[in-house]
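Summary of structural features
Chain by chain, the residues run as shown.
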Amino acid sequence: MTAERDPFKNPFPADDSDRRAIWEMLVPRDIDAFVGADWPAVAGDFIAANFTGISGNFQGEPDGFNLAFPTLDAYRTEWLRQAAEFGAARTAGAFAGDPRAGIYAATRLEVIEITGDAAMVRKKFDGRLAKADGSFDRMNWQTLYICRKEDGRWKIAGFVGYLPHIKE
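Computed from a predicted structure; not experimentally measured.

Section: the layout of surface pockets
- By volume, the largest pocket amounts to about 780 Å³.
- Of all the secondary-structure elements, those providing two or more residues to the lining of the largest pocket are helix H1 (17-35), helix H3 (72-91), strand E4 (118-130), strand E5 (136-150) and strand E6 (153-164).
- In terms of residue count, H3 provides more of the lining of the largest pocket than any other element does, eight residues in total.
- Each residue belonging to the lining of the largest pocket can be placed in one class, and the counts come to 16 nonpolar, three polar and eight charged.

Points about the packing of H1 against H3
- At their nearest, the axes of H1 and H3 sit 8 Å apart, and the two run at 65° to each other. Contact residues: H1 offers Asp30, Ala33, Phe34 and Val35, while H3 offers Trp79, Gln82, Ala83, Phe86 and Arg90.

Re the environment of asparagine 140
- Relative to the assigned elements, asparagine 140 resides in strand E5.
- In this structure asparagine 140 comes out as partly exposed when scored by relative accessible area, which is 28%.
- Distance in space between the C-alpha atoms of asparagine 140 and threonine 107 is 9.6 Å, their sequence separation being 33 residues.
- Those residues in contact with asparagine 140 that lie beyond four places of it in its chain are Phe125, Asp126 and His165.
- Within the structure, the side chain of asparagine 140 is placed 3.4 Å from the side chain of histidine 165, a separation counted as a polar contact.

Comments concerning the packing of H1 against helix H4 (residues 99-106)
- Between H1 and H4, the shortest axis-to-axis distance is 10 Å and the interhelical angle comes to 150°. For the pair H1 and H4, the crossing hand works out as right-handed. When H1 is examined against H4, the residues Val27, Pro28, Ile31, Asp32 and Val35 are found in contact with a partner set consisting of Arg100, Ile103 and Tyr104.
- Taken together, the residues that form the contact of H1 with H4 break down as six nonpolar, no polar and two charged.

Structural notes on the side chain of threonine 107
- Here threonine 107 shows up in strand E3 (residues 107-115).
- A distance of 2.6 Å separates a polar side-chain atom of threonine 107 from the backbone oxygen of isoleucine 103.

Brief notes about the pattern of salt bridges
- Under the definition given, this model contains 13 salt bridges.
- Between aspartate 18 and lysine 149 there is a salt bridge, and its shortest N-O distance comes to 2.8 Å. Here lysine 149 lies in strand E5 and aspartate 18 lies in helix H1, a separation of 131 residues in the sequence.
- In this structure, aspartate 98 and arginine 90 form a salt bridge, with 3.6 Å as the shortest nitrogen-oxygen distance.
- Accessibility expressed as a relative area gives 40% for aspartate 98, which makes it partly exposed.

Let's talk about the nonpolar core
- One finds Leu26, Tyr75, Val121 and Cys147 to be the most contacted residues of the largest nonpolar core, which totals 37 residues.
- Among the elements that make up this core, the one with the highest residue count is H1 (nine residues).

Considering the packing of aromatic side chains
- For the structure shown, the criterion picks out 18 aromatic pairs.
- Site record: aromatic cluster; members linked through ring pairs are Phe34, Trp39, Phe46, Phe51, Phe69, Tyr75, Trp79, Phe86, Phe95, Tyr145 and Phe159.
- The ring of phenylalanine 136 has arginine 128 sitting right over it, with the charged end atom 4.0 Å from the ring centre.

Rules and cut-offs
- Residues numbered from 1 in each chain as written.
- Predicted model: local features only at pLDDT ≥ 70, side-chain atom pairs only at ≥ 80, totals over all residues.
- Heavy atoms only, no water.
- 1 Å grid on protein atoms, 1.4 Å probe; cavity = no way out; pocket = protein on both sides within 12 Å on 5 of 7 lines; lining within 4 Å.
- Points joined across faces, edges and corners; volume = space filled by probe spheres on them.
- Helix = DSSP H or I, 4+ residues; strand = E, 2+ residues; numbered from the N terminus.
- Nonpolar A, V, L, I, M, F, W, Y, C, P; charged D, E, K, R; others polar.
- Axes fitted to C-alpha atoms, helices over the stretch in contact; angles between N-to-C directions.
- Contact = heavy atoms within 4.5 Å.
- Buried < 20%, exposed > 50% of the residue type's maximum accessible area, 1.4 Å probe, protein only.
- Polar contact = N/O pair within 3.5 Å; in protein donor to acceptor, adjacent residues only side chain to side chain.
- Left-handed = near helix turned anticlockwise from the far one by under 90°.
- Salt bridge = Lys/Arg side-chain N within 4 Å of Asp/Glu carboxyl O.
- Core = buried A, V, L, I, M, F, W, Y, C linked by side-chain atoms within 4.5 Å.
- Phe/Tyr/Trp six-rings, centres within 6.5 Å; stacked < 30°, edge-to-face > 60°.
- Lys NZ or Arg CZ within 6 Å of the ring centre and 35° of its normal.

Laid out in C-alpha coordinates, this is it:
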(Lines give C-alpha, C1' and ligand atoms only; values in the text may rest on other atoms or scores of the structure.)
Protein backbone atom coordinates (compact mmCIF):
# COMPACT_ATOMS: atom_id res chain seq x y z
CA MET A 1 0.00 0.00 0.00
CA THR A 2 1.38 3.42 -0.92
CA ALA A 3 1.35 6.32 1.51
CA GLU A 4 -1.28 8.95 0.96
CA ARG A 5 0.06 12.09 -0.72
CA ASP A 6 0.36 15.18 1.48
CA PRO A 7 -0.98 17.95 -0.78
CA PHE A 8 0.76 20.64 1.29
CA LYS A 9 4.22 19.06 0.98
CA ASN A 10 6.62 19.95 -1.81
CA PRO A 11 7.22 16.65 -3.67
CA PHE A 12 10.65 17.57 -5.03
CA PRO A 13 13.85 16.58 -3.19
CA ALA A 14 15.83 19.16 -1.23
CA ASP A 15 18.71 19.03 -3.73
CA ASP A 16 16.39 20.02 -6.63
CA SER A 17 16.13 23.71 -5.76
CA ASP A 18 14.77 24.79 -9.16
CA ARG A 19 11.80 22.42 -9.12
CA ARG A 20 11.17 23.11 -5.44
CA ALA A 21 11.09 26.88 -6.14
CA ILE A 22 8.70 26.45 -9.09
CA TRP A 23 6.39 24.24 -6.99
CA GLU A 24 6.39 26.80 -4.16
CA MET A 25 5.46 29.54 -6.64
CA LEU A 26 2.71 27.62 -8.45
CA VAL A 27 1.13 25.70 -5.59
CA PRO A 28 1.16 27.25 -2.11
CA ARG A 29 1.84 30.87 -3.10
CA ASP A 30 -0.66 30.76 -5.97
CA ILE A 31 -3.41 28.97 -4.02
CA ASP A 32 -3.03 31.04 -0.86
CA ALA A 33 -3.00 34.30 -2.83
CA PHE A 34 -6.11 33.26 -4.79
CA VAL A 35 -8.04 32.20 -1.69
CA GLY A 36 -7.11 35.51 -0.04
CA ALA A 37 -7.65 37.57 -3.23
CA ASP A 38 -4.13 38.87 -2.61
CA TRP A 39 -2.66 39.74 -6.03
CA PRO A 40 0.34 41.56 -4.50
CA ALA A 41 1.44 38.21 -3.00
CA VAL A 42 1.98 36.80 -6.51
CA ALA A 43 2.54 39.91 -8.63
CA GLY A 44 6.31 39.43 -8.49
CA ASP A 45 5.96 35.88 -9.84
CA PHE A 46 5.23 37.13 -13.37
CA ILE A 47 7.29 38.56 -16.19
CA ALA A 48 5.11 41.38 -17.48
CA ALA A 49 7.07 42.01 -20.68
CA ASN A 50 5.55 39.89 -23.45
CA PHE A 51 3.35 37.91 -21.02
CA THR A 52 0.79 35.82 -22.90
CA GLY A 53 -2.02 33.67 -21.55
CA ILE A 54 -4.02 31.37 -23.81
CA SER A 55 -7.33 29.90 -22.68
CA GLY A 56 -8.18 26.41 -23.86
CA ASN A 57 -11.80 27.08 -22.81
CA PHE A 58 -11.88 23.51 -21.42
CA GLN A 59 -11.80 22.16 -24.98
CA GLY A 60 -9.47 19.49 -26.32
CA GLU A 61 -9.40 20.93 -29.82
CA PRO A 62 -6.96 23.86 -30.24
CA ASP A 63 -9.36 25.53 -32.71
CA GLY A 64 -11.40 26.44 -29.61
CA PHE A 65 -8.48 28.13 -27.81
CA ASN A 66 -8.20 31.91 -27.70
CA LEU A 67 -5.73 34.61 -26.73
CA ALA A 68 -7.68 35.51 -23.59
CA PHE A 69 -4.82 37.31 -21.84
CA PRO A 70 -2.61 39.23 -24.28
CA THR A 71 -1.07 41.11 -21.35
CA LEU A 72 -0.43 40.53 -17.68
CA ASP A 73 -2.90 43.32 -16.88
CA ALA A 74 -5.65 41.42 -18.71
CA TYR A 75 -4.83 38.27 -16.74
CA ARG A 76 -4.67 40.16 -13.43
CA THR A 77 -8.13 41.61 -14.05
CA GLU A 78 -9.64 38.15 -14.61
CA TRP A 79 -7.68 36.62 -11.71
CA LEU A 80 -9.01 39.32 -9.37
CA ARG A 81 -12.57 38.81 -10.65
CA GLN A 82 -12.40 35.06 -10.05
CA ALA A 83 -10.76 35.50 -6.63
CA ALA A 84 -13.45 38.00 -5.57
CA GLU A 85 -16.21 35.65 -6.75
CA PHE A 86 -14.63 32.77 -4.84
CA GLY A 87 -14.16 34.94 -1.74
CA ALA A 88 -17.78 36.08 -1.82
CA ALA A 89 -18.98 32.46 -2.02
CA ARG A 90 -16.67 31.50 0.84
CA THR A 91 -17.86 34.41 3.00
CA ALA A 92 -21.48 33.51 2.26
CA GLY A 93 -20.85 30.01 3.60
CA ALA A 94 -21.24 28.30 0.24
CA PHE A 95 -18.52 25.74 0.95
CA ALA A 96 -18.60 22.82 3.38
CA GLY A 97 -15.32 22.82 5.26
CA ASP A 98 -12.19 24.59 4.12
CA PRO A 99 -12.14 25.11 0.34
CA ARG A 100 -8.43 25.98 0.52
CA ALA A 101 -7.69 22.41 1.65
CA GLY A 102 -9.89 21.12 -1.18
CA ILE A 103 -7.94 23.13 -3.75
CA TYR A 104 -4.65 21.78 -2.40
CA ALA A 105 -5.99 18.21 -2.47
CA ALA A 106 -7.10 18.63 -6.10
CA THR A 107 -3.78 20.10 -7.25
CA ARG A 108 -0.99 18.03 -8.81
CA LEU A 109 2.26 19.57 -9.94
CA GLU A 110 4.70 16.73 -10.43
CA VAL A 111 6.21 17.28 -13.89
CA ILE A 112 8.59 20.16 -14.57
CA GLU A 113 10.76 20.13 -17.68
CA ILE A 114 13.74 22.47 -17.32
CA THR A 115 16.12 23.43 -20.13
CA GLY A 116 18.61 26.07 -19.08
CA ASP A 117 16.70 29.08 -17.76
CA ALA A 118 13.34 27.99 -19.22
CA ALA A 119 10.80 25.53 -17.86
CA MET A 120 7.50 23.99 -18.92
CA VAL A 121 5.35 23.09 -15.95
CA ARG A 122 2.27 20.88 -15.93
CA LYS A 123 -0.23 21.77 -13.21
CA LYS A 124 -3.34 19.59 -13.02
CA PHE A 125 -6.51 19.88 -10.99
CA ASP A 126 -8.67 16.87 -10.29
CA GLY A 127 -11.00 17.05 -7.32
CA ARG A 128 -14.14 18.45 -5.78
CA LEU A 129 -14.91 21.36 -3.49
CA ALA A 130 -17.78 20.33 -1.24
CA LYS A 131 -20.55 22.88 -0.94
CA ALA A 132 -22.77 23.50 2.07
CA ASP A 133 -25.89 22.44 0.16
CA GLY A 134 -24.46 18.95 -0.47
CA SER A 135 -23.40 19.63 -4.06
CA PHE A 136 -19.83 20.28 -5.16
CA ASP A 137 -17.75 22.33 -7.56
CA ARG A 138 -15.76 20.02 -9.84
CA MET A 139 -12.12 20.94 -10.44
CA ASN A 140 -10.91 19.17 -13.57
CA TRP A 141 -8.54 21.10 -15.79
CA GLN A 142 -4.87 21.66 -16.39
CA THR A 143 -2.45 24.44 -17.20
CA LEU A 144 0.89 24.41 -19.01
CA TYR A 145 3.09 27.21 -17.67
CA ILE A 146 6.13 28.62 -19.39
CA CYS A 147 8.53 29.85 -16.73
CA ARG A 148 11.85 31.61 -17.02
CA LYS A 149 14.61 32.16 -14.53
CA GLU A 150 15.16 35.89 -14.26
CA ASP A 151 17.75 37.38 -11.91
CA GLY A 152 18.11 34.00 -10.21
CA ARG A 153 14.37 33.55 -9.58
CA TRP A 154 11.75 31.51 -11.45
CA LYS A 155 8.83 33.51 -12.85
CA ILE A 156 5.82 32.88 -15.08
CA ALA A 157 6.27 34.16 -18.64
CA GLY A 158 2.94 32.81 -19.92
CA PHE A 159 0.62 29.84 -19.98
CA VAL A 160 -1.89 27.76 -21.87
CA GLY A 161 -4.64 27.14 -19.34
CA TYR A 162 -8.20 26.03 -18.81
CA LEU A 163 -7.38 22.85 -20.70
CA PRO A 164 -9.40 19.70 -20.08
CA HIS A 165 -7.71 17.29 -17.69
CA ILE A 166 -7.38 13.90 -19.28
CA LYS A 167 -6.60 11.13 -16.84
CA GLU A 168 -3.91 8.69 -17.87
